[in-house]
Amino acid sequence: QVQLVESGGGLVQAGGSLRISCAASGSIFSMNVMAWYRQAPGKQRELVATITSGGSTNVADSVKGRFTISRDNAKNTVHLQMNSLKPEDTAVYYCYCNARAVATPNRYLEFWGQGTRVTVSS
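The rules behind the values
Residues numbered from 1 in each chain as written. Predicted model: local features only at pLDDT ≥ 70, side-chain atom pairs only at ≥ 80, totals over all residues. Heavy atoms only, no water. Helix = DSSP H or I, 4+ residues; strand = E, 2+ residues; numbered from the N terminus. Rg over C-alpha atoms; globule rule 2.2 N^0.38 Å. Buried < 20%, exposed > 50% of the residue type's maximum accessible area, 1.4 Å probe, protein only. Contact = heavy atoms within 4.5 Å. Areas by Shrake-Rupley, 256 points an atom, 1.4 Å probe, with all protein chains shown as cover. Lys, Arg positive; Asp, Glu negative; His and termini not counted. Charge placed at Lys NZ, Arg CZ, Asp CG, Glu CD. Pairing = 2+ DSSP bridges. Axes fitted to C-alpha atoms, helices over the stretch in contact; angles between N-to-C directions. Phe/Tyr/Trp six-rings, centres within 6.5 Å; stacked < 30°, edge-to-face > 60°. Lys NZ or Arg CZ within 6 Å of the ring centre and 35° of its normal.

## A word on the overall build of the protein
- Within the protein, the secondary structure is distributed over zero helices and 11 strands.
- For the protein, the N- to C-terminal ordering of α and β elements is β-β-β-β-β-β-β-β-β-β-β.
- For the protein, whose C-alpha radius of gyration is 14 Å, the value lies close to the compact-globule estimate of 14 Å for 122 residues.
- Considering only C-alpha atoms, the protein reaches an extent of 45 × 25 × 25 Å along its principal axes.
- Put simply, the protein has 122 residues, and 43% of those count as buried.
- Counted over contacts in the protein with a minimum sequence separation of 6, partners at least 24 positions apart contribute 57%.
- Taken as a whole, the protein presents about 6,300 Å² of accessible surface, with 46% of it coming from carbon and sulfur.
- Side chains of the protein carry 12 positive and 7 negative charges; the gap between the two charge centres is 3 Å.

## Some details on the sheet that holds strand 3 (residues 18–26)
- With antiparallel pairing, four strands are arranged side by side in an open sheet as 1-3-8-7. Across the chains shown, the open sheet's two edge strands, defined by having one partner strand only, are strand 1 (2–7) and strand 7 (67–72). Neighbour-to-neighbour, the strand axes of the sheet open up by a mean angle of 15 degrees, direction not taken into account.

## A few points about the packing of aromatic side chains
- The full count for this structure, using the stated rule, is three aromatic pairs.
- Pairing Y37 with W112 gives two aromatic rings, centres 4.9 Å apart and planes at 55 degrees, and the pair type is tilted. Of this pair, Y37 sits in strand 4 (residues 28–39) while W112 sits in strand 10 (residues 109–112), placing them 75 residues apart in sequence.
- Ring pairs connect the aromatic residues Y37, Y96 and W112, which therefore count as one cluster.
- The ring of Y94 carries R45 above its face, with NZ or CZ at 4.3 Å from the centroid.
- Just above the ring of W112 sits the side chain of R45; from NZ or CZ to the centre is 4.6 Å.

In structure tokens, the structure reads:
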């Protein structure tokens, strides 16, 4: 019922910047937490940043001072501004949201995007 589509990934040199975005669509009743996860080749998925419906944010220690998460509730979108990129940031970045669908407005469900690839060259 809810679909998440990421965009903005690509190839960038170390020290560069990228802004990736996620747009939610479908039968959305309300959205709560939105987040970005990432998974590097051969490694497990890790949490990068979260943002609540009220705008409170939290980012992983590994990206503090470099990454910023933001959201536009009116457009059901979430963004991740990535600055001072490092080769270790190379991963597929996944969008996540905890939301209530129209069909089940009484409870929150989890939704995932298909991911956008970010490659940082040394």
